[in-house]
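# Reading the structure
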Amino acid sequence: MASGEAENITPKERTFQYQDSLPSLPLPTLRDSLDKYLYSVKPHVTEEEYKKTEAVVKEFEAGTGKELHKKLLERAKTHRNWLSEWWYNFAYLEPRYPTPVYVNISGPGPFHDHYWPVQDGTQVERSAITIWHTLNFWKLMKNEEWPVDKVDRGKTPCSMEQYRNLFNTCKIPGEKRDKLVSHFKTVYEGDSPTHLCVLHAGRIFSMDVVDENNVPYTPPELQQQLTVIKEKCSGQPQGPGVGALTAEQRTKWWQLRNRLIGLDSRNQQNLEAIEKSLICFTLDDASPTNDTEITTQGLTGDCFNRWFDKSYNTLMFNNGTLASNCDHAAFDGIVLVVLNWYLDQKIKEAQGVWKGTVPVRKVPEPKELVFTIDEAMGKAIQDAALQYQEMASDLHVHCLKFKTFGKNFTRSHKLHPDGLVQLALQLSYYRTYGKPAPTYETATTRKFYMGRTETCRTCTPEAVAFCKAMVNRATTSAERLQALRTANEKFIWLMGECNLNRGCDRHLLGLQILSDQAGMTRHEIYTDPAWTKSGGGGNFVLSTSTLGYTSIYGGCAPMRHDGYGCFYKIENDSMAICVTAWKSNAETCAVKMAGSIEQSLLDIQQLCTSSRM
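Residues numbered from 1 in each chain as written. Predicted model: local features only at pLDDT ≥ 70, side-chain atom pairs only at ≥ 80, totals over all residues. Heavy atoms only, no water.

Moving on: helix H5 (residues 123-142). Taking 1.5 Å of rise per residue, 20 residues should cover 28 Å, and H5 covers 28 Å from first to last C-alpha, within 8% of that figure. H5 sits mainly inside the fold: 17 of its 20 residues count as buried. Glutamate 144 sits one or two positions beyond H5 and adopts a positive phi of about 55°. (Helix = DSSP H or I, 4+ residues; strand = E, 2+ residues; numbered from the N terminus. Expected span 1.5 Å × (residues − 1). Buried < 20%, exposed > 50% of the residue type's maximum accessible area, 1.4 Å probe, protein only.)

As structure tokens, then:
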């Protein structure tokens, strides 16, 4: 989304008007998907292993794969998005491991870089302003006045479905599969809940945030409510911290939720109040001071004051810094980015303060959601917290703020900015470990009905050739630059294909699911070592995504224990990259990887500026 788009809101288009007219998600040919798969395998296997994989793929194409593809074609005739239901279940709702740390995404608000520097005593005031701007964004969504995201130079509308899950949405645990439940409605569909929940000191409060005309309360009025919450908790013992239960293993949380409801009918009412609320907002006692600390708190902070199943949690820290924590099931990173970019623009416009002059009304006091907790449930909360702390303490986060160049420099050298960063990531890993890294980058399929993502396998043979050229002292600068350009061009083509759902991973996943549903033994293509070596089955060593060209970025955990997460924004003259790794793996280090990425970016800059072709 281009900077300034928020100001170009017109009544001509409604936010969700294209949802039902978007084209169906296409299904690639089996040949095309298998060709892309084989090409992605090449950097990670020997010639002998490749020949074996090639034979496995050929046999799959002629037999089992051909029959499964026919069934998938039949499904595509009756499902406008043949993947969507499967993807939600497979990726987000059926896994039984805990949601936080492993699944949720987070990012730092950029406000501490301009009008909201780190400052004690600002938490409540900044919280009120943040909530007010968030409510204005909610109104734009509810009234369908937010502009439709578009691609292809503004010609092609995108699916906006994920934005419906930003507000009034929560994941509900199940025995074998969770449910994602949204209570959001546009003005054309009816009323939806207008309260939010505030978590502080282990306690949870429900807070009405709009008046009888559905107009958001002003920041001073919201501040009045937040002050009441702070005062009620001040000097009091910590509350039970029921939110920690959302950090449990999913089936265990389902059992505990049922037990909680069985203890007292008010508990069920409280749970529903949280699940239906606009968002959850945490007044956090921590005081992180920079992007690394803020994102670390966002991903691994105080579980007693989080509701990890909520689609959107805003976290305002004691020193006025801000982060978010979002359930990935509800939406992809673009939604987090767009809301926070909107907040950033509005906070800049008002220079970080409230400039309204309307009288401050007396508004309803927040209501505490008091849970009935017995001794066994109290122990379950503490057990969940201990388990969470073990997970959270293992995640290493480091944010690199690279200020030497950005999009403008890259474009001036006729290189794709995202492609350049991907090649820097490849080079960094290759230099450190002496081998290529199977790499996932998010491609978007949102130009199609209910589209979300496809995997772009960016560790191409061309990318590896570039890495080899850079570490080989015998290659000339001209040869290295040519390798860079060739790899960048391949990236542009491959990402374009994946944005059209012509990668290989989602197609092969669909075939795998059909095979499993039929009770078949999985074909050798899924057990062949090349499948795992190239990243299949969630084995990508580098898990990456560009979060666009705005001021917003964030991150999440690596896919593999021996891998990295690398998530980044590219601004005109700078970049920022959030690198994550697991501390318990002796071979990985987020700080060292970030340093290697910085050096790779500088080396690519040097190559571009000093070479002449």
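Text resumes after the structure shown.
Before going further, it helps to examine the sheet that holds strand E10 (residues 322-326). Spatially, E1-E10-E9-E8-E6-E7-E11 is the arrangement adopted by the seven strands of the open sheet, whose pairing is mixed. Two strands in the sheet have a free side with no partner beyond their single neighbour: strand E1 (105-108) and strand E11 (367-368). Of the strand pairs in this sheet, strand E9 (residues 312-316) and E10 are connected by five bridges, and their pairing is antiparallel. Bridging across to E10, threonine 314 finds its partner in serine 324. Docked against the sheet, helix H9 (residues 291-300) engages E1, E9 and E10, running at close to 150° with respect to E1. (Pairing = 2+ DSSP bridges. Contact = heavy atoms within 4.5 Å. Axes fitted to C-alpha atoms, helices over the stretch in contact; angles between N-to-C directions.)

The subject of this paragraph is the sheet that holds strand E16 (residues 564-570). Sheet architecture is open: six strands sit in the order E12-E17-E16-E15-E13-E14, paired in mixed fashion. The two strands at the open ends of the sheet, each matched to only one other strand, are strand E12 (395-402) and strand E14 (453-457). Taking the axes of each pair of neighbouring strands and ignoring which way they run, one obtains an average angle of 20° across the sheet. Looking at chain direction, strand E13 (residues 439-444) and E14 are connected through five bridges and run antiparallel. Bridge assignment links alanine 443 to a residue of E14, and that residue is glutamate 454. Relative to E12, H9 is tilted by about 145°, and along the sheet it contacts E12 and strand E17 (575-582).

Our focus in this paragraph is unusual backbone geometry. One non-glycine residue, glutamate 144, lies in positive phi territory at about 55°. Checked against the element boundaries, glutamate 144 lands in the loop between H5 and strand E2 (150-151). Judged by its relative accessible area of 5%, glutamate 144 is buried. A positive phi angle, close to 55°, is found at glutamine 351, a residue other than glycine. Tracing the backbone shows glutamine 351 in the loop between helix H10 (333-349) and E11. For glutamine 351, a relative accessible area of 44% corresponds to the partly exposed category.

The sites that UniProt annotates as "domain: Choline/carnitine acyltransferase" (unreviewed entry) are residues 25-599. Measuring from the first to the last C-alpha atom of residues 25-599 gives 40 Å, for a span that is 42% helix and 14% strand. (UniProt positions renumbered as here; feature names shortened; annotations may be inferred.)

A separate point is the nonpolar core. Core analysis: the biggest nonpolar cluster contains 94 residues, and Phe137, Trp146, Phe167, Leu196, Met207, Leu245 and Trp307 have the highest contact counts within it. Apart from the residues within four sequence positions on either side, phenylalanine 167 is in contact with Thr134, Phe137, Trp138, Met141, Ser182, Phe184, Leu278, Ile279 and Ser311. (Core = buried A, V, L, I, M, F, W, Y, C linked by side-chain atoms within 4.5 Å.)

This paragraph deals with helix H16 (residues 505-517). Between its terminal C-alpha atoms H16 stretches 18 Å, which fits the 18 Å expected from 13 residues at 1.5 Å a residue. For H16, the tally of buried residues reaches 11 of 13 residues, placing the bulk of the element in the interior. Every buried residue of H16 is accounted for by Asp505, Arg506, His507, Leu508, Leu509, Gly510, Leu511, Gln512, Ile513, Leu514 and Ser515. Positive backbone phi, at 75°, marks glycine 519, one or two positions downstream of H16.

Bringing the packing of helix H1 (residues 30-41) against helix H15 (residues 477-499) into the picture now. Orientation of H1 relative to H15, taken along the N-to-C sense of each, is 140°, at an axis distance of 13 Å. By the angle class used here, H1 and H15 are oblique. Crossing angle aside, the handedness with which H1 passes H15 is left-handed. Of H15, the residues touching H1 (which contributes Asp32, Lys36 and Tyr39) are Lys490, Trp493, Leu494 and Glu497. Its residues assigned to classes, the contact of H1 with H15 comprises three nonpolar, no polar and four charged. (Parallel < 35°, antiparallel > 145°, perpendicular 65-115°, else oblique. Left-handed = near helix turned anticlockwise from the far one by under 90°. Nonpolar A, V, L, I, M, F, W, Y, C, P; charged D, E, K, R; others polar.)

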